[in-house]
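Below are the chains, spelled out letter by letter.
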Amino acid sequence: MAVIHHTTLTPTKLELLTSWLPTRPWYRAGTAGPKLVKAGGFRLDDPRGEVGIEFLVVTDASGPRPAGYLVPLTYRGAPLDGAEHALVGTMEHGVLGRRWAYDGCHDPVMVGQLAALIEGRVQAQDQNISDAPDREVTASYTGDGPLPTDFTVSDDRDGTLLTTSQGATLRLNRVPQPAPDTPSTPARGATGRLTGSWQLPDGTRTRGTLAVLHSGPTA
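Below is a short write-up of the structure. (Residues numbered from 1 in each chain as written. Predicted model: local features only at pLDDT ≥ 70, side-chain atom pairs only at ≥ 80, totals over all residues. Heavy atoms only, no water.)

Our focus in this paragraph is the side chain of D107. With respect to the helices, strands and loops of the structure, D107 is situated in the loop between β6 (97-103) and α2 (108-119). Among the polar contacts listed, one links the side chain of D107 to the side chain of R76, at a separation of 2.8 Å. With sequence-adjacent residues up to four places away left out, D107 is seen in contact with V51, T74, R76 and L80. (Helix = DSSP H or I, 4+ residues; strand = E, 2+ residues; numbered from the N terminus. Polar contact = N/O pair within 3.5 Å; in protein donor to acceptor, adjacent residues only side chain to side chain. Contact = heavy atoms within 4.5 Å.)

This paragraph deals with α2. Taking 1.5 Å per residue as the helical rise, α2 with its twelve residues ought to reach 16 Å, and the 17 Å between its terminal C-alpha atoms agrees with that figure. Counting buried positions along α2 gives nine out of twelve residues, so the element sits mostly inside the fold. Along α2, the positions that sit buried rather than exposed are M110, V111, Q113, L114, A115, A116, L117, I118 and E119. Looking at where α2 begins, the residue whose side-chain oxygen comes 3.0 Å from the main-chain nitrogen of V109 is D107. Phi turns positive, to about 90°, at G120, one or two residues after α2. (Expected span 1.5 Å × (residues − 1). Buried < 20%, exposed > 50% of the residue type's maximum accessible area, 1.4 Å probe, protein only.)

Turning next to the pairing of strand β4 (residues 67-76). With respect to burial, β4 is a largely interior element, ten of its ten residues being buried. Relative to β4, strand β3 (residues 52-60) runs antiparallel, the two sharing nine bridges. Pairing of V58 across the sheet is with Y69, part of β4. Where β3 folds back on β4, the antiparallel hairpin that results is connected by six residues. Across four bridges, β4 lies against β6 in antiparallel orientation. (Pairing = 2+ DSSP bridges.)

Evaluation of the coordinates by the stated rule reveals four aromatic pairs. Pairing W20 with W26 gives two aromatic rings, centres 6.0 Å apart and planes at 65°, and the pair type is edge-to-face. On the accessibility criterion, W20 (7% relative accessible area) is buried. Site record: aromatic cluster; members linked through ring pairs are W20, W26, Y27 and Y69. (Phe/Tyr/Trp six-rings, centres within 6.5 Å; stacked < 30°, edge-to-face > 60°.)

Attention now goes to the environment of V51. Inspection of the secondary structure assignment puts V51 in the loop between β2 (36-44) and β3. Residue V51 is classed as buried on the basis of its relative accessible area, which comes to 8%. In sequence terms V51 and T74 are 23 residues apart; their C-alpha atoms lie 6.5 Å from each other. Ignoring any residue separated from it by four or fewer positions in sequence, one finds V51 in contact with D46, T74, Y75, R76, D107 and V109.

Put into C-alpha cells, the structure is as follows:
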C-alpha cells in the first residue's frame, strides 16, 4: 500500500509537464506553452512498494478550447535502466529526496499493474489519500487468461498504443473525451476497458474512457 506524502516537490509535477507535454504527438494546443491545472486521476500500488504509480489527468487552457490529457507517471528513487527516452524529469521530494519521473507507459511496473487493474485483480487507489480505493475508476475484461505485458510502445496523434507480439493492443486515450453515459462493458470488438472521472474547467465532474484493450489483431 503506497503512502501519500503531503510534502513539497521541486519542480512540481505540473511544472515538469509544462515542458514535456508539447513534445508529445498527441498534444493539441499551440506553441505558446500549456497552462495546466490538475483535474483528477488515481494511483496504483507497486506490490514491492518501490515505484510510485500515478495516472494524472490535467487540463490545458492555452488553446482555443480547453483540452484534457491523461498522463500516467511513475516515480522512482533511481534511474530506470534503458528508459532515458521516457524520462519526464527529476524532482526533489521533501521526504523521499530525488525522484525520477517517467512516462509510465515505458515502465514495466506500471504496465503490469495496469494489466492487473483491467483484469480486476487490483483496485485503483485514491490520488490523495493513503489506503483509500477510488470507486470512480472502473474496469471491465472479457478475455481469457492473464494479459501479456511484453508491450512495445508507440505514440501517435490519438494517444499511446501498447502492442504485444501475440497481437494484443492496449490504446490509452491521451486526450480523453467526456462521455458520462458510456456503458461499463467493453466497446464492440474490445475485450477490456478502463473508465475514470475528472473535473472540467467549469468545475463539473465528467467520465470517459481512458483505455481500451483488444486481445487480438484489430482491423
